[in-house]
Amino acid sequence: MTIADSGFMMENGGSCLPYTPEQEKQIVDDLMHKSESNLREGNLYYVVSNRWFTSWQRYIGQGNGEYPINRHFPDPQHLDVVPSKTVERPGPIDNSDIVLNGNGFEGDDLEILRTLEEGRDYVLVPREVWEKLFDWYKGGPALPRKMISQGITHKKFMVEIYRLCLKLTDSRDNSQSIIRLSKKASVHELYGMVCTLKAIEQEKARLWDYFNKQKQTILISSNRTLEESTLQMDQDILLEVQQDGYWPSGFGMDSTGNELALVPMEPPRSSVSIAGGPTLSNGYSTVQTSNLYRGSALGSTFTDMEDGYDGLRSVAKGDRGGLAGLQNLGNTCFMNSAIQCLVHTPPIVEYFLQDYTEEINKQNPLGMNGELALAFGELLRKLWSSGRTPVAPRAFKGKLARFAPQFSGYNQHDSQELLAFLLDGLHEDLNRVKQKPYIETKDSNGRPDVEVADECWRNHKARNDSLIVDVCQGQYKSTLVCPVCSKISITFDPFMYLSLPLPSTVTRIMTVTVFYGDGSGLPMPYTVTVLKHGYCKDLSQALAAACCLKSDENLLLAEVYEHRIFRYIDNPSELLTNIKDEERIVAYRLPKKRAGLTRLDIIHNCRQQCTPDSRKGDEKNFFGTPLVTYLGEDAQTGADIDIAVARLLSPLRRKPYPLLSKVDSVKENGSVSEDNPTNSCNTQYGSGNQSEYSTELEEMSRWDLSFHLSFTDERGLSREPIEKNSLIRPGQIIRVMLDWTDREHELYDASYLKDLPEVHKNGFTAKKTRPEAITLFSCLEAFLKEEPLGPQDMWYCPNCKEHRQATKKLDLWRLPDILVFHLKRFSYSRYLKNKLDTLVNFPIHNLDLSQYVKCKDAPSQSNVYELYAISNHYGGLGGGHYSAYAKLIDENRWYHFDDSHVSPVGESEIKTSAAYVLFYQRVKAAATPNGTGEPSLGHASS
């Protein structure tokens, strides 16, 4: 319920607090949801410093400092918390830490710092919320921003935090001014702002697109937006003022007052323009020609795609072509890196340098009317024209913003995400299939894999047929197995690139201490590697292999907390994600056949002296790790418990019985090392002497109990002394407290029971497999490894008629000519963002994937690849810098493309920890007399 605004004032004229923290929270919550349900272009939002907003959150009880705004609207459950009674009310709203030019300006005149990140540095609140907060707290400065709509086919609402900043140069005196307005503003609005600023009439003003301080085109006052005019952040525009009927650039007026402009006529070109519409004979769109005048013939240092088009006729590579850089248009290094890798892909270069007019698909509803392919093709042609003049991809970026609004603006983005969009967009724009047929998917039904795979590939090609499919798409086999009914589902799906996890992001190192349930050995910590999203059965299997578990044994996992068993982990299907790194896990080696046996759980209580009074008291001083064992079938009395305890403690004896000499030969530090013979699975602790030793223990306990034992509960709170003739009911769980006196400490070394290691702690040393170097092959194997689906990716089993957490196994079936590997260096979660800078050793030459390809019916097809391009990312999340390495195949030489700067680089220098996306080309199989291709080269690398 929304609480009415009382506006209560104190008698002395000062304002008291009109609302409690609970009421403020409720009001803001209601306004947030009201705003969310009414999203539309033009809505006003206000930028608020996260530093101040977090203090307000704490005041209203939202103590975690997370208040999702705008694209992170709050969940009411996150707000229903009890406000803190101890946090002081925040002071006035203070946005001074997020603005560049201080408090001397307000609203539109304020420039927000460019390096800010939403959620970390600022939050966005709707106008109604801002008005309430300002009414309650005052302060500021106010930073209003409008919501705009981006995209054509897929519209996306976003708040324009950073408006377009243009540098205006007045040609009369070369003075400069800064103009800030929305990129959705029209050129007419821009004229209005400039003419008001310079106090001139619009009829006598003319604005030039002055990109790179060179005249590009005249901006004619119209409703065309600044974004459509490809104006970029921080670029220059030039103001010319008409004087005495003449313009400074030399254009004149005829006797009727019409401006004279000579438009050079060019030879006829294709009837398709870069915008996909009809064109005049000079190549300009009819929609734009009347509004655009070309600049002077002097040219510019940087070329732009709008400097005229070459049409779609075939062109040849220029001398030294392919060595042009791409100008950074404001955090567009991610785009430049991806583009350079694509425009140096040999079959793509060859295709777009030819006339591809006939393959433009304007009818495809999944495409972009052919505009993306045309824009990309024109950009590629410019980059491959002669010379090394950098190109400013303004028109291409404009097309990108229209069709993929997620890449609009001037924030840093992911080069791989852009690459995925480009490949998919180019495919749809160039799809040769104009009318996609409906094809019903058939189940494999036990048919041979080759038959099913070929059928799936034919069906895919019947709907998808383009250059991208020809050279960039492969096929993999996906096998799903239901964990309940074992139903197997096999599908064959196409892929455009392979996103490979780094092994450290897929696997997890866990340390578990293994205890012997029969007292035949010392406890041993083992460190094993398991799938991060695996099951507890995977951990048990890894431990079983590490500790050489016998065939008649199995492991019982348990979590130990405060020296007691907190819980048994006895569900093999429990997810390993439920076990945290800071927890302490143990595994007990117990007999498989234990039905009907009595389980004995033993906790340890330390006492310095044992008196009749203290034995009956409530003194508690727990220590060490609990022990677990099973009593024999004929165990019936407290004496049998005493014998079992003595057997479990026997490896810890300081002065061994003669029969225990083998036990005491175990390494004293309690851990297993690489050269310790006890690591051998052939070694059996206490083997051959158990029956003789049991007889001796029975003789020891015939006259009196050896230990101070008490029956207790799960938490060790109650105790009842165990006597020699205490009766035991078979098949139950008995919990026992063992009191350690000076006598026990003298006889047994309790240090083996102490210092239980955590599941994972940096620096802990235990037995573990020596880590292998991370190679591209280990990443690929991690990608292909069988693993359970995540809880959010449950599979619907047609047999069970329910969603199941199936296991999934991928296999490569057929590989494309161009194989792209994406190394998944970035990981995101609600609370954590991380980048792995691990060096991945990847082959430059002779990447042989033959052993990973399951389809063996194409022996003439080579599975050996050569590296030709790399997209690199330097730095951390939320920023950093992208560049590219690319090989000019004709020169057999590598170059570094760092935005506008292009420089040669040695092949030995391209392997770095910055490698993010790898591009490989298939090596064509050489013809041999016996008809086979070149041999497999294994894991060869240069």
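Details of the structure are given in the entry above.
Novice: Help me get a handle on the overall build of the protein, residues and values and all.
Specialist: Counting its regular elements, the protein contains 21 helices and 39 strands. Buried positions account for 51% of the 942 residues belonging to the protein. Long-range contacts, defined as pairs at least 24 residues apart, comprise 72% of the intrachain contacts of the protein with a sequence gap of at least 6. If you sum the accessible surface of the protein, you get close to 44500 Å²; carbon and sulfur atoms cover 50% of it.

Novice: Help me get a handle on the sheet that holds strand β26 (residues 733–740), residues and values and all.
Specialist: Taken together, the 5 strands give an open sheet; going across it, the order is β23-β22-β26-β24-β25, and neighbouring strands pair in mixed fashion. Each edge of the open sheet is held by one strand with a lone partner, namely β23 (622–630) and β25 (719–721). On average, adjacent strands in this sheet sit at an angle of 30 degrees to one another, irrespective of strand direction. Pairing of strand β22 (residues 599–606) with β26 involves 8 bridges; the strand directions are parallel. The partner of Ile602 across the bridge, within β26, is Val736.

Novice: So what's going on with the environment of Arg508? Which residues, and what values?
Specialist: Here Arg508 is to be found in strand β17 (residues 507–516). The class of Arg508 is buried, set by a relative accessible area of 11%. Along the chain, Arg508 and Leu531 lie 23 residues apart, while their C-alpha atoms are 5.9 Å from each other. Discounting residues that sit within four places of it in the chain, Arg508 has contacts with Val528, Thr529, Val530, Lys532, Leu576, Thr577, Ile579, Lys580, Asp581 and Val759. From its side chain, Arg508 meets the backbone oxygen of Ile579 in a polar contact 2.4 Å long.

Novice: How would you summarise helix α1 (residues 21–36) if you had to cite specific residues and measurements?
Specialist: Counted at 1.5 Å a residue, the expected span for α1 with its 16 residues is 22 Å, and the 23 Å between its end C-alpha atoms agrees. What α1 keeps buried is the set Pro21, Glu24, Lys25, Ile27, Val28, Asp29, Leu31, Met32 and Ser35.

Novice: Give me the sheet that holds strand β5 (residues 144–150): which residues, what numbers.
Specialist: The strand order across the open sheet built from 4 strands is β3-β1-β5-β6, with neighbouring strands paired in antiparallel fashion. Here the strands that pair on one side only, and so sit at the sheet edges, are β3 (122–126) and β6 (156–159). Pairwise comparison of adjacent strand axes, ignoring direction, gives a mean angle of 35 degrees for this sheet. With 5 bridges connecting them, strand β1 (residues 44–49) and β3 associate as antiparallel partners. Considered in β3, the bridge of Val48 is made with Val123.

Novice: Please set out the pattern of salt bridges residue by residue, giving values where relevant.
Specialist: A complete count under the given rule lists 41 salt bridges for this structure. Put simply, Lys436 and Glu428 hold a salt bridge, and the shortest N to O gap is 3.7 Å. A relative accessible area of 26% means that Lys436 is categorised as partly exposed. In this structure, Arg589 engages Glu553 in a salt bridge whose closest nitrogen and oxygen atoms are separated by 2.7 Å. A residue pair is termed long-range when its members are at least 10 positions apart, and Arg589 in strand β21 (residues 584–591) and Glu553 in strand β19 (residues 553–561) qualify at 36 residues. Residue class for Glu553 comes out buried when judged on its relative accessible area of 8%. Several salt bridges converge on common partners, so that one network encompasses Glu359, Arg432, Lys461, Asp465 and Asp470.

Novice: Can you tell me about the packing of helix α9 (residues 371–383) against helix α11 (residues 415–429), naming the residues and giving the values?
Specialist: Orientation of α9 relative to α11, taken along the N-to-C sense of each, is 110 degrees, at an axis distance of 8 Å. The angle between α9 and α11 places the two elements in the roughly perpendicular class. The element α9 and its partner α11 pack so that their crossing is left-handed. Contacts from Glu371, Leu372, Ala373 and Phe376 of α9 reach α11 at Phe421, Leu422, Gly425, Leu426 and Asp429. Per-class residue counts for the contact of α9 with α11 are 6 nonpolar, 1 polar and 2 charged.

Parameters and conventions
- Residues numbered from 1 in each chain as written.
- Predicted model: local features only at pLDDT ≥ 70, side-chain atom pairs only at ≥ 80, totals over all residues.
- Heavy atoms only, no water.
- Helix = DSSP H or I, 4+ residues; strand = E, 2+ residues; numbered from the N terminus.
- Buried < 20%, exposed > 50% of the residue type's maximum accessible area, 1.4 Å probe, protein only.
- Contact = heavy atoms within 4.5 Å.
- Areas by Shrake-Rupley, 256 points an atom, 1.4 Å probe, with all protein chains shown as cover.
- Pairing = 2+ DSSP bridges.
- Axes fitted to C-alpha atoms, helices over the stretch in contact; angles between N-to-C directions.
- Polar contact = N/O pair within 3.5 Å; in protein donor to acceptor, adjacent residues only side chain to side chain.
- Expected span 1.5 Å × (residues − 1).
- Salt bridge = Lys/Arg side-chain N within 4 Å of Asp/Glu carboxyl O.
- Parallel < 35°, antiparallel > 145°, perpendicular 65-115°, else oblique.
- Left-handed = near helix turned anticlockwise from the far one by under 90°.
- Nonpolar A, V, L, I, M, F, W, Y, C, P; charged D, E, K, R; others polar.

Geometric descriptors of this kind do not, in isolation, establish any biological role.
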